[in-house]
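For reference, the chains in residue letters:
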Amino acid sequence: MIEETLLEAEEKMEKAVGVAKGDFAAIRTGRPGPATFSKVTAEYYGVQTPINQLASFAVPEPRMVVISPFDKSSMQAIERAIRDSDLGVNPANDGNVIRVVFPDLSEERRKEYIKVVRSKAEDGKVSIRNIRRHAKDALDKAVKSGEIGEDEGHRAQEELEELTHKYVGEVDELLKHKESELLEV
């Protein structure tokens with residue numbers, strides 16, 4: 001019972017850290033890449049589809065991404081999706097590929113990104129704490145029903161706290177790394 005609860009909590013906390021890592025990857029620092037487009041979706045045959053499933057990406061220059069759609073008929077939809085996204089770029093379509101040139105990040109834009117990164121990190125920490133709360137409730141119920149003893153329940157809650165601190169620390173570490181990336185000029 002205790003092991004199952006703790007294992008389930010740990011798996012969910014790992015997923016929460018993974019989500020935070022994915023959110024951070026989507027936020028552009030100095031050099032754009034395919035991860036920059038991970039949240040952008042285009043309408044393809046009536047279905048919203050992530051553009052990283054519709055095209056291949058190349059980064060020939062530090063501030064340019066070349067997108068080659070697998071299906072040329074989806075080019076207009078991909079171009080429109082990029083233009084309408086919150087990336088703040090204007091794609092150029094030459095009929096074969098879409099070129100996206102990213103402007104240099106201004107100091108103001110960097111500060112905005114740092115706010116976004118901090119909010120994403122806080123979301124990750126909140127989800128980890130919610131996982132802790134659910135696991136703690138399950139342990140408390142098990143103690144009340146007599147499935148496990150109070151001492152075992154107390155030890156399990158201490159383990160749960162250690163897990164929580166470990167994963168919150170991982171999110172903090174990711175945040176610190178991303179902030180330093182954003183502040184590099």
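Residues numbered from 1 in each chain as written. Predicted model: local features only at pLDDT ≥ 70, side-chain atom pairs only at ≥ 80, totals over all residues. Heavy atoms only, no water.

1. Focus on the overall build of the protein
- Across its full length, the protein holds 4 helices and 6 strands.
- Reading the protein from its N end, one meets helices and strands in the order α-β-β-β-β-α-β-β-α-α.
- On the principal axes, the C-alpha backbone points of the protein span a range of 70 × 40 × 20 Å.
- In the protein, which comprises 185 residues, the share counted as buried stands at 38%.
- In the protein, 62% of the contacts between residues at least 6 apart in sequence involve partners at least 24 apart.
- As displayed, the protein has an accessible area near 10900 Å², and 50% of this comes from carbon and sulfur atoms.
- Across the protein, the mean location of the 28 positive side-chain charges is 6 Å away from that of the 36 negative side-chain charges. (Helix = DSSP H or I, 4+ residues; strand = E, 2+ residues; numbered from the N terminus. Buried < 20%, exposed > 50% of the residue type's maximum accessible area, 1.4 Å probe, protein only. Contact = heavy atoms within 4.5 Å. Areas by Shrake-Rupley, 256 points an atom, 1.4 Å probe, with all protein chains shown as cover. Lys, Arg positive; Asp, Glu negative; His and termini not counted. Charge placed at Lys NZ, Arg CZ, Asp CG, Glu CD.)

2. Focus on the pattern of salt bridges
- Using the criterion set out here, one finds 12 salt bridges in the structure.
- In this structure, D94 engages R99 in a salt bridge whose closest nitrogen and oxygen atoms are separated by 2.9 Å.
- Accessibility expressed as a relative area gives 34% for R99, which makes it partly exposed.
- Notably, a salt bridge pairs E173 with K176, separated by 3.8 Å at the nearest N-O pair. Residue E173 and its partner K176 are both found in helix α4 (residues 150–183); the two are separated by 3 residues, about one turn of the helix.
- The class for K176 is exposed, based on a relative accessible area of 53%. (Salt bridge = Lys/Arg side-chain N within 4 Å of Asp/Glu carboxyl O.)

3. Brief notes about helix α3 (residues 107–145)
- Taking 1.5 Å as the rise per residue, α3 with 39 residues should run 57 Å; its terminal C-alpha atoms sit 57 Å apart, in good agreement.
- All of the buried residues along α3 are R110, Y113, I114, V117, A121, G124, K125, I128, I131, A135, L139 and A142.
- In this fold, the buried residues of α3 make contact with α1 (2–26) and α4.
- The first or second residue beyond α3 is G146, which carries a positive phi of 85 degrees. (Expected span 1.5 Å × (residues − 1).)

4. Some thoughts on the pairing of strand β1 (residues 41–44)
- Pairing analysis gives 4 bridges linking β1 to strand β2 (residues 47–50), with the strands arranged antiparallel. Looking at β2, one finds that A42 is bridged to T49.
- Where β1 folds back on β2, the antiparallel hairpin that results is connected by 2 residues, among which Y45 adopts a positive phi of roughly 55 degrees. (Pairing = 2+ DSSP bridges.)

5. Some remarks on the side chain of K178
- You can see K178 is positioned in helix α4.
- On the accessibility criterion, K178 (7% relative accessible area) is buried.
- Here the side chain of K178 touches F24 through a polar contact of 2.8 Å, landing on its backbone oxygen. (Polar contact = N/O pair within 3.5 Å; in protein donor to acceptor, adjacent residues only side chain to side chain.)

6. Thoughts on the packing of α3 against α4
- Where α3 contacts α4, the two axes come as close as 10 Å, and the packing angle between them is 170 degrees. Here α4 runs roughly antiparallel to α3, going by the angle between their axes.
- Classifying every residue of the contact of α3 with α4 gives 16 nonpolar, 3 polar and 12 charged. (Axes fitted to C-alpha atoms, helices over the stretch in contact; angles between N-to-C directions. Parallel < 35°, antiparallel > 145°, perpendicular 65-115°, else oblique. Nonpolar A, V, L, I, M, F, W, Y, C, P; charged D, E, K, R; others polar.)

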